[in-house]
Amino acid sequence: MPRQIISAGSDPTAIGEVSAPPFARLPEPMLLFCRRAERWNALAAGHDLGPYLRFLAALADVQHRIQEGLAEPEMPDAAARERARSFGMPPLDRGNLALDRAAETLDRLVVAASEIKKTVAATDALDRLKQATPAKRAGMVRNVLADAIPMEALAEHIYVAAALQVHFARLAARLDARALVPVGDGACPACGSPPTSSIIVGWQGAHGARFCACSLCGTLWNYVRIKCTLCGSTKGIGYQEIDGGPGTVKAETCDSCGCYVKVLHQHKDPGLDPVADDVATLGLDILVREGGYRRGSFNPFLIGY
Ligand SMILES: [Zn+2]
Ligand SMILES: [Zn+2]
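Bear in mind that the values here come from a model prediction, so they are computed numbers and not experimental data.

K.L.:
A description of the coordination of the zinc ion (ligand 2) should follow, citing residues and the corresponding values.
P.N.:
At this site the zinc ion (ligand 2) is bound by Cys228 (SG), Cys231 (SG), Cys254 (SG) and Cys257 (SG), with donor distances of 2.3 to 2.4 Å. Sequence spacing of the donors to the zinc ion (ligand 2): C-x2-C-x22-C-x2-C.

Next comes the structure, spelled out in structure tokens:
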């Protein structure tokens, strides 16, 4: 088995011994959201954002529960997937989704989310979504998939984004991981979306390898450490963390593009979740932004913060 030792560079914790990690790991939708719900609940205790994290835990539980009995998602056919692959494009095209494919998922999420405890603003937003015409809902889906969520209707779009995460995770889970190819820096090989964060894993056979976590479908893709996950630069990479913290979540800053993406050291704390812990470490975002860096990753649950 070939072994590769990654040098520490400017990150003193970045020594990893990697033996041929897989290029991509597809999501397991029936585990992804229930584990995330547990994580959000655990993080909520004593946290400044406690009520919001508990709401997100309940929403992740809804994301989990609505899958039971949900119709099979309609996959792009084999010829279209092969064509995409030959052009270095992802097999799932987030720019060209017919709403009817995701409509049942969104319908179920809207009904199930009615039961969860939430603020007046979140209740009002859900009511507006319930009353929205199919055309209006289609427009909101397009907004989320175009990364163009309007601030004035942010709360409604959070529910839509949650439904699309379920839909795309179910689509991605039905792909063949071995058929995925790199489609460019900062883009998921399954659906083309930006990462939410990146994780250093403790998996057997890939211990110390880094994976970017897709913000939409949840696919993980292997990515070299000490390299900007957005622009691919290896120069001017730095790491920041909150003083006195556990040292398991850092921001990888890039002087080439001026952005940062968080790195979660899951090999030190297996409970870390690329989406949940991204939200719970908002303090790190504030610190890094004060240094002039922009957030380069995407997390629908952090918009507005
Ligand atoms: Zn993806
Ligand atoms: Zn960069």
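K.L.:
Talk me through the pattern of salt bridges; I want residue IDs and the actual numbers.
P.N.:
Under the criterion given, the structure shown has 17 salt bridges. A salt bridge links Glu72 to Arg174; the nearest nitrogen and oxygen atoms lie 2.8 Å apart. In this pair, Glu72 is assigned in the loop between helix H2 (50-65) and helix H3 (78-86) and Arg174 in the loop between helix H7 (154-173) and strand S4 (195-200), connecting sequence segments 102 residues apart. Take Glu72: its relative accessible area is 60%, and that puts it in the exposed class. Notably, a salt bridge pairs Arg178 with Asp176, separated by 3.2 Å at the nearest N-O pair. Accessibility expressed as a relative area gives 35% for Asp176, which makes it partly exposed. When salt bridges that share partners are traced, they join Lys262, Asp278, Asp285 and Arg295 into one network.

K.L.:
Break down the environment of Ala102 for me, with residues and values.
P.N.:
Residue position: Ala102 is located in helix H4 (residues 99-113). Ala102 sits in the buried class, given a relative accessible area of 4%. Separated by 39 residues in sequence, Ala102 and Gln63 have C-alpha atoms that sit 13 Å apart. Leave out the neighbours within four places in its chain, and Ala102 touches Leu97, Leu164 and His167.

K.L.:
Pulling in residues and values, what's your account of the nonpolar core?
P.N.:
Grouped together as the largest cluster of nonpolar side chains are 68 residues, with contacts concentrated most on Trp40, Leu59, Tyr159, Leu164, Phe168 and Phe301. Those elements giving two or more residues to this core turn out to be helix H1 (29-44), H2, H4, helix H5 (120-131), helix H6 (134-145), H7, strand S5 (210-214) and helix H8 (276-280). When residues of this core are assigned to their parent elements, the largest contribution, 13 residues, is made by H7. With near-sequence residues (within four places) excluded, Leu59 lies in contact with Ile116, Ile158, Tyr159, Ala162 and Phe301.

K.L.:
Explain the coordination of the zinc ion (ligand 1) residue by residue, including any values.
P.N.:
For the zinc ion (ligand 1), the full set of protein donor atoms is Cys188 (SG), Cys191 (SG), Cys214 (SG) and Cys217 (SG), at a range of 2.3 to 2.4 Å. Between the 4 donor atoms coordinating the zinc ion (ligand 1), the angles at the centre fall across 98 to 117°, so the site counts as tetrahedral. Each donor residue of the zinc ion (ligand 1) lies on one chain, and together they are spaced C-x2-C-x22-C-x2-C.

K.L.:
Talk me through the packing of aromatic side chains; I want residue IDs and the actual numbers.
P.N.:
Per the stated rule, a full pass over the model turns up 4 aromatic pairs. Judged by centre distance (5.6 Å) and plane angle (85°), the rings of Trp40 and Phe301 are edge-to-face. One end of the pair, Trp40, is in helix H1; the other, Phe301, is in the segment after strand S10 (294-295), with 261 residues separating them in the sequence. By relative accessible area, Phe301 is classed as buried at 1%.

K.L.:
Quick one: what's the story with helix H9 (residues 282-290), residue by residue and with numbers?
P.N.:
Residues three or four positions apart in an α-helix share a direction because the helix packs 3.6 residues into each turn. Listed as buried for H9 are Leu282, Leu284, Asp285 and Val288. For H9, the buried positions fall inside an angular range of 150° around the axis, keeping them on one side. Looking at the buried side of H9, the elements it contacts are strand S7 (237-240), strand S8 (249-254), strand S9 (259-265), H8 and S10. Remark: Gly292 follows H9 within two positions and exhibits a positive phi of approximately 95°.

K.L.:
So what's going on with the packing of H2 against H7? Residues and values would help.
P.N.:
For the pair H2 and H7, interaxial distance at closest approach is 10 Å and the crossing angle is 40°. Looking at the two axes, H2 sits oblique to H7. Regarding H2 and H7, the two cross each other, and that crossing is right-handed. The segment H2 lies against H7, with Tyr52, Phe55, Leu59 and Gln63 engaging Ile158, Tyr159, Ala162, Gln165 and Val166. For the contact of H2 with H7, the residue count by class is 7 nonpolar, 2 polar and no charged.

The rules we used
- Residues numbered from 1 in each chain as written.
- Chains lettered and ligands numbered in written order.
- Predicted model: local features only at pLDDT ≥ 70, side-chain atom pairs only at ≥ 80, totals over all residues.
- Heavy atoms only, no water.
- Donors = N, O, S within 2.8 Å, 3.2 Å for Na, K, Ca; no water.
- Salt bridge = Lys/Arg side-chain N within 4 Å of Asp/Glu carboxyl O.
- Helix = DSSP H or I, 4+ residues; strand = E, 2+ residues; numbered from the N terminus.
- Buried < 20%, exposed > 50% of the residue type's maximum accessible area, 1.4 Å probe, protein only.
- Contact = heavy atoms within 4.5 Å.
- Core = buried A, V, L, I, M, F, W, Y, C linked by side-chain atoms within 4.5 Å.
- Tetrahedral: all angles 85-135°; square planar, octahedral: opposite > 155°, others 65-115°.
- Phe/Tyr/Trp six-rings, centres within 6.5 Å; stacked < 30°, edge-to-face > 60°.
- Arc of directions from axis to C-beta.
- Axes fitted to C-alpha atoms, helices over the stretch in contact; angles between N-to-C directions.
- Parallel < 35°, antiparallel > 145°, perpendicular 65-115°, else oblique.
- Left-handed = near helix turned anticlockwise from the far one by under 90°.
- Nonpolar A, V, L, I, M, F, W, Y, C, P; charged D, E, K, R; others polar.

Read these as layout, nothing more, since geometry by itself doesn't imply function.
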